[in-house]
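Structural features, examined
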Amino acid sequence: MEIINRIPRMMSVARELKARGKRIGLVPTMGAFHEGHLSLMSRAREMSDTVITSVFVNPMQFGPGEDYERYPRDLARDAELAFTRGVDLIFAPPASEVYPEGFTTYVNVEGLTDRLEGASRPGHFRGVTTVVNKLFNIVQPQFAFFGRKDAQQVIVIKRMVHDLAMGIEIVVGPTVREEDGLALSSRNAYLSSEDRKAAIVLRRALERGRALYNSGERDAGRLVSAIQSLIESEPRTRVDYVSVNEVNDLREPALIRSDRATLISAAIYIGDTRLIDNIVLNGEL
Ligand code: PAF
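Conventions used here
Residues numbered from 1 in each chain as written. Predicted model: local features only at pLDDT ≥ 70, side-chain atom pairs only at ≥ 80, totals over all residues. Heavy atoms only, no water. Pairing = 2+ DSSP bridges. Helix = DSSP H or I, 4+ residues; strand = E, 2+ residues; numbered from the N terminus. Axes fitted to C-alpha atoms, helices over the stretch in contact; angles between N-to-C directions. Contact = heavy atoms within 4.5 Å. Phe/Tyr/Trp six-rings, centres within 6.5 Å; stacked < 30°, edge-to-face > 60°. Buried < 20%, exposed > 50% of the residue type's maximum accessible area, 1.4 Å probe, protein only. Lys NZ or Arg CZ within 6 Å of the ring centre and 35° of its normal. Near = heavy atom within 4 Å. Polar contact = N/O pair within 3.5 Å; in protein donor to acceptor, adjacent residues only side chain to side chain. Areas by Shrake-Rupley, 256 points an atom, 1.4 Å probe, with all protein chains shown as cover. Nonpolar A, V, L, I, M, F, W, Y, C, P; charged D, E, K, R; others polar.

**Re the sheet that holds strand β9 (residues 273-281)**
Pairing is antiparallel in the open sheet, where 3 strands are placed in the order β7-β8-β9. Only two strands of the sheet have a single neighbouring strand rather than two, namely β7 (237-246) and β9. Between one strand axis and the next, the sheet turns by 15° as a mean value, whatever way the strands run. Where strand β8 (residues 262-270) meets β9, 9 bridges bridge the pair, whose relative direction is antiparallel. Counted as the bridge partner of Tyr269 is Arg274 from β9. In this fold helix α9 (residues 220-232) packs onto β7 and β8, with an angle of close to 160° to the strand it touches most, β7.

**Re the packing of aromatic side chains**
Going through the model one piece at a time under the given rule, you end up with 6 aromatic pairs. When the centroid spacing of 5.8 Å and the interplanar angle of 80° are considered together, the rings of Phe103 and Tyr106 count as edge-to-face. When its relative accessible area of 36% is taken as the criterion, Tyr106 is described as partly exposed. An aromatic cluster is defined as three or more aromatic residues linked by ring pairs; in this entry it consists of Phe56, Tyr99, Phe103 and Tyr106. Geometry around Tyr190 places Arg70 over its ring, the cationic atom sitting 3.9 Å from the centre. Cation over ring: Arg73 sits above Tyr68, and NZ or CZ is 4.9 Å from the ring centre.

**Observations regarding the site of the ligand**
With respect to spatial proximity, the complete set of residues near the ligand consists of Pro28, Thr29, Met30, Asn58, Gln61, Val128, Val131, Phe146 and Gln153. Interatomic distance of 2.7 Å between a side-chain N/O atom of Gln153 and an oxygen atom of the ligand. Protein chains bury 89% of the 290 Å² of accessible surface belonging to the ligand in isolation. Of all the secondary structure elements, the ones that give two or more residues to the shell around the ligand are β2 (24-29) and α6 (124-139). A per-class count over the shell around the ligand returns 5 nonpolar, 4 polar and no charged.

The following block contains the structure:
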């Protein structure tokens, strides 16, 4: 398995693969692999002739005071893990190559990015869509793989691909969880053991929302309140948001409709660590 750092080299390898009719599957990541990333790589292996994983901690999607500096980085470990899942190539460019001096072009999906993560993290999605667009241009994938835990990211990227007719199939992998239900995230590494125990409340609260829906509750506001109070019952946590949104346009319905895929999502802080999770009712992303 080759690790490529330079954009021109990655572009020439991708061009050659395409010329040979190979279907390229790209798994874009920021590294610090866990089973969530690895399961996307396995899926990519099943669907593609060549699997490429990008590892790039993208400064443009982190806001001031966020964890860009301390985000875990260990390319040697990541490469070993990726190898076990049949990844053919890792593309790990330096930031100076992705954003050379004079870089002034951005991709922005409007509307969908004003809410949820976009409201809490201004500029985050502009960073995500700009870098994902650049990665797509460099790697020329037929398929790109993203995890459902970052539900809004999936919705925004799908919209970008559709609006700009990029002709790339976005494949969404399931959220992979610890045994007690905590969604795997590279940021879980920041949690102390007490915080780790407290973090499970996020999943429990969302599941409570699902149970209420299944027992007939349709009022989105009441569902949000129930989820929020359960999270707040854990003193180590602070709610950033709990929200009910239709998947299609992220509109906030007053009543949840059984014929519309609906995202129930939440973001919480435990100490300085911000965790997100979601469930989807009546369909998929
Ligand atoms: O989900 C992530 O890890 C990042 O947002 C992504 C898609 C790799 C873009 O930097």
